[in-house]
Amino acid sequence: MPANVDMEKIVSLCKRRGFVFQSSEIYGGLGSCWDYGPMGVELKRNVKDAWWKAIVQERDDVVGIDSSIMMHPKVWKASGHVDSFTDPLVECKSCHLRWRASEINNQLCPKCGGELTAPRMFNLMFKTFMGPVEEEASTIYLRPETAQGMFVNFENVITTSRKKLPLGIAQIGKSFRNEITPGNFIFRTREFEQMELEYFVKPGTDEYWFDYWVKERFDWYIRLGIGKEKLRLRQHSKEELAHYAKDCYDIEYLFPIGWSELEGIANRGNYDLTQHAKHSGRDLSYYDGETNERFLPYIIEPSAGVDRSVLALLIDAYHEEVVEGETRVVLRLHPSLAPMKVAVLPLSRNEKLTPLAKEIYKQLCPSFMTCYDDSQSIGRRYRRQDEVGTPFCVTIDFQSLEDNQVTIRERDSLAQIRVPVEELEKTLEAKLQGESFEASPLWATRQK
Ligand code: GAP
């Protein structure tokens, strides 16, 4: 059962309104790589900020780090990625395209119908060389997950933060995988961003914390406005579990391609610290002063994709509705996620209106992401803001020059209120925090 909106509409809106462009487009594009434009970069940053706020800022049991993308090659040996981060692939003997063995139904190449080779294992990590000599000894990898940066820094963080277990280490950053079948826009790409939390706990409390984080992470998407009916949890079967996982749930979203993974929450047991202790020769155990015990912590890992979250949020926010006989496209994004919070729109480019409009724009800029638009009719400008999900438009008209009041129009209800210019910032702040429009004493009209 796919979602109501198809992917082409989202891709087209993203291009038209500056959310996402194809990478290196003037050279014909680079497969599976995408660039975030002026609107996309704001949306993406807001998603990451929302995650950081919920995971790091509002908790006293999680700290953040930012580790390097290139790590010692032994990290990937210890983690199991060199040996196990592989997909079985088959190759077409005629056109030489490679396919995941699991995607092949009738043993023939889906592109040209050619005969296929027997499956071979293909490692998904990108290799490169560090330093001037391209030799085996200088081979390093671009990280395929940010998680290892947290594991190898466990000792550093625990000694410098002076915190006790349970303790989480969080990180947001780029990861790279040489995916065999990337696609579906920004859903599966070869370069993407992850938001990962590694939550270190005492063995025996891991199942409690696993359940806790599954619920916590599911609720986070709902708090950001995603429809509950479009989200579900799916437990991994034994055969499906990653080489490190004891248990795992996926949070799935109903994308246009069907139910697909948005985030995985895994109970990694003590696999990671055991491996890194063994390969580095360091004692990574934790001393619990209260019980006088020493043990290797277990790790609960909620791991989310930034780009996949952006895609799900765009799809979920996308609405088409008919207003006065015209179809309007509106992104009903949660105000905290909207790229622009406010648009300042003088009724026309009339020279009498411009100074006040510009002054208001300057006044709002330090507090909110604000844009200024005076080209084309006011109706068209409202529609443009609706399409990028701007919660509030502030209109300056000729009346404003006399009474020093402006109109605020709300994106979803299309309701309008008039407020004195000196109260504008305070009013917008309250409305962005969720105060109802009707609560305003200056509630005036509901015009479409
Ligand atoms: N450290 C665990 C880990 O990396 P994963 O399930 O492989 O687990 C976690 O990845 C999340 O990262 C996924 O749920 C997805 O949101 C995102 N992700 C993984 N591969 C991706 C890709 N090729 N393109 C975009 N996002 C991806």
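Okay, so let's go over this structure.

About the cut-offs
Residues numbered from 1 in each chain as written. Predicted model: local features only at pLDDT ≥ 70, side-chain atom pairs only at ≥ 80, totals over all residues. Heavy atoms only, no water. Buried < 20%, exposed > 50% of the residue type's maximum accessible area, 1.4 Å probe, protein only. Helix = DSSP H or I, 4+ residues; strand = E, 2+ residues; numbered from the N terminus. Arc of directions from axis to C-beta. Contact = heavy atoms within 4.5 Å. Axes fitted to C-alpha atoms, helices over the stretch in contact; angles between N-to-C directions. Parallel < 35°, antiparallel > 145°, perpendicular 65-115°, else oblique. Nonpolar A, V, L, I, M, F, W, Y, C, P; charged D, E, K, R; others polar. Phe/Tyr/Trp six-rings, centres within 6.5 Å; stacked < 30°, edge-to-face > 60°. 1 Å grid on protein atoms, 1.4 Å probe; cavity = no way out; pocket = protein on both sides within 12 Å on 5 of 7 lines; lining within 4 Å. Points joined across faces, edges and corners; volume = space filled by probe spheres on them. Near = heavy atom within 4 Å. Polar contact = N/O pair within 3.5 Å; in protein donor to acceptor, adjacent residues only side chain to side chain. Areas by Shrake-Rupley, 256 points an atom, 1.4 Å probe, with all protein chains shown as cover. Sits in = over half its atoms within 2 Å of the grid points. Pairing = 2+ DSSP bridges. Salt bridge = Lys/Arg side-chain N within 4 Å of Asp/Glu carboxyl O. Left-handed = near helix turned anticlockwise from the far one by under 90°.

**Describing helix H6 (residues 154–161)**
Okay, so step 1: Every buried residue of H6 is accounted for by Phe154, Val157 and Ile158. All buried residues of H6 project into a common sector of 95° when viewed along the axis, lining one side. In this structure, H6 carries Thr159 and Thr160 as exposed residues pointing more than 90 degrees from its buried face.
Okay, so step 2: In this structure, the buried residues of H6 make contact with strand E3 (62–64), helix H5 (147–152), strand E9 (167–176), strand E10 (191–201), helix H8 (271–280) and strand E14 (286–288).
Okay, so step 3: Remark: arginine 162 follows H6 within two positions and exhibits a positive phi of approximately 55°.

**With respect to the packing of helix H2 (residues 38–57) against helix H9 (residues 306–317)**
Okay, so step 1: The N-to-C vectors of H2 and H9 enclose an angle of 110°; their axes lie 10 Å apart at closest approach. Classed by the angle they form, the pair H2 and H9 counts as roughly perpendicular. Where H2 abuts H9, its residues Leu43, Lys44, Val47 and Lys48 lie against Val306, Asp307, Ser309, Val310, Leu313 and Leu314.
Okay, so step 2: The residue makeup of the contact of H2 with H9, split by class, is 6 nonpolar, 1 polar and 3 charged.

**Regarding the packing of aromatic side chains**
Okay, so step 1: Enumeration over the complete set of coordinates arrives at 14 aromatic pairs.
Okay, so step 2: Here the aromatic rings of tryptophan 51 and tryptophan 52 are separated by 6.3 Å at their centres, their planes lie at 45°, and the arrangement is tilted.
Okay, so step 3: Residue classification places tryptophan 52 among the partly exposed residues on the basis of a relative accessible area of 29%.
Okay, so step 4: Plain terms: the ring middles of tryptophan 209 and tyrosine 212 are 5.1 Å apart, the flat faces sit at 75° to each other, and that makes the pair edge-to-face.

**Topic: the layout of surface pockets**
Okay, so step 1: Approximately 1300 Å³ is the volume attributed to the largest pocket.
Okay, so step 2: Residue lining of the largest pocket: 47 residues in total, with Phe85, Arg177, Arg188, His236 and Glu261 positioned closest to the centre.
Okay, so step 3: Broken down by secondary-structure element, the contributors of at least two residues to the lining of the largest pocket are helix H4 (81–84), strand E4 (86–91), E10, strand E12 (247–255), strand E13 (258–267), strand E16 (298–305) and H9.
Okay, so step 4: It is E13 that provides the largest number of residues to the lining of the largest pocket, a total of 7 residues.
Okay, so step 5: When the residues that make up the lining of the largest pocket are grouped by side-chain class, the tally is 16 nonpolar, 12 polar and 19 charged.
Okay, so step 6: By volume, the second largest pocket is sized at about 380 Å³.
Okay, so step 7: At the level of elements, H2 and helix H7 (206–223) are the ones that each hand at least two residues to the lining of the second largest pocket.
Okay, so step 8: Looking at the lining of the second largest pocket residue by residue, the class counts come to 4 nonpolar, 3 polar and 5 charged.

**So, the site of the ligand**
Okay, so step 1: The full set close to the ligand counts 21 residues, and Glu145, Arg177, Thr189, Glu196 and Glu261 are the nearest of them.
Okay, so step 2: Glutamate 179 places a side-chain nitrogen or oxygen 2.8 Å from a nitrogen atom of the ligand.
Okay, so step 3: A distance of 3.0 Å separates an oxygen atom of the ligand from a polar side-chain atom of glutamine 194.
Okay, so step 4: Relative to its free-state accessible area of 550 Å², the ligand is covered by the protein chains to the extent of 91%.
Okay, so step 5: When each cavity is represented as a set of grid points, the ligand is found to reside in the largest pocket.

**Some remarks on the pairing of strand E23 (residues 415–420)**
Okay, so step 1: Buried residues dominate E23, accounting for 6 of its 6 residues.
Okay, so step 2: Count of turn residues in the strand E22 (residues 405–410)/E23 antiparallel hairpin: 4 residues, of which leucine 414 carries a positive phi of about 65°.

**So, the pattern of salt bridges**
Okay, so step 1: Using the criterion set out here, one finds 45 salt bridges in the structure.
Okay, so step 2: Glutamate 145 is paired through a salt bridge with arginine 268; the nearest N and O atoms lie 3.8 Å apart. Placement of glutamate 145 in the loop between strand E8 (139–141) and H5 and of arginine 268 in the loop between E13 and H8 is noted, with a sequence separation of 123 residues between them. No difference in accessibility class separates glutamate 145 from arginine 268, as the two residues are buried.

**Overview of the sheet that holds strand E5 (residues 98–100)**
Okay, so step 1: Strand order in the open sheet formed by 3 strands is E5-E4-E6, with antiparallel pairing between adjacent strands. Strands at the two margins of the open sheet, each flanked by one partner only, are E5 and strand E6 (120–123). Neighbour-to-neighbour, the strand axes of this sheet turn through a mean angle of 50°, independent of strand direction.
Okay, so step 2: As paired elements, E4 and E6 share 4 bridges and run antiparallel to each other. Directly across from threonine 86, in E6, lies its bridge partner asparagine 123.

**Looking at the sheet that holds E16**
Okay, so step 1: Pairing within the open sheet is mixed, and its 7 strands lie in the order E3-E9-E10-E16-E13-E12-E11. If you trace the sheet from one side to the other, it starts and ends with E3 and strand E11 (231–235), each paired once. On average, each strand axis in the sheet is tilted by 25° relative to the strand beside it, whichever way the strands run.
Okay, so step 2: Examined bridge by bridge, E10 and E16 share 6 bridges and lie antiparallel to one another. Counted as the bridge partner of methionine 195 is alanine 304 from E16.
Okay, so step 3: The strands touched by H7 are E10, E11, E12, E13 and E16; relative to E13, the strand with the most contacts, the crossing angle is about 145°.
Okay, so step 4: Each of E9, E10, E12, E13 and E16 touches H9; the most contacted strand, E12, lies at about 35° to it.

**So, the packing of H2 against H7**
Okay, so step 1: Where H2 meets H7, the closest approach of the two axes is 12 Å, and the angle between their N-to-C directions is 140°. The orientation of H2 with respect to H7, classified from their angle, is oblique. The way H2 lies across H7 gives a crossing that is right-handed. Two secondary-structure elements touch here, H2 through Val47, Ala50, Trp51, Ala54 and Ile55 and H7 through Trp213, Arg217, Trp220 and Arg223.
Okay, so step 2: For the contact of H2 with H7, the class distribution of residues is 7 nonpolar, no polar and 2 charged.

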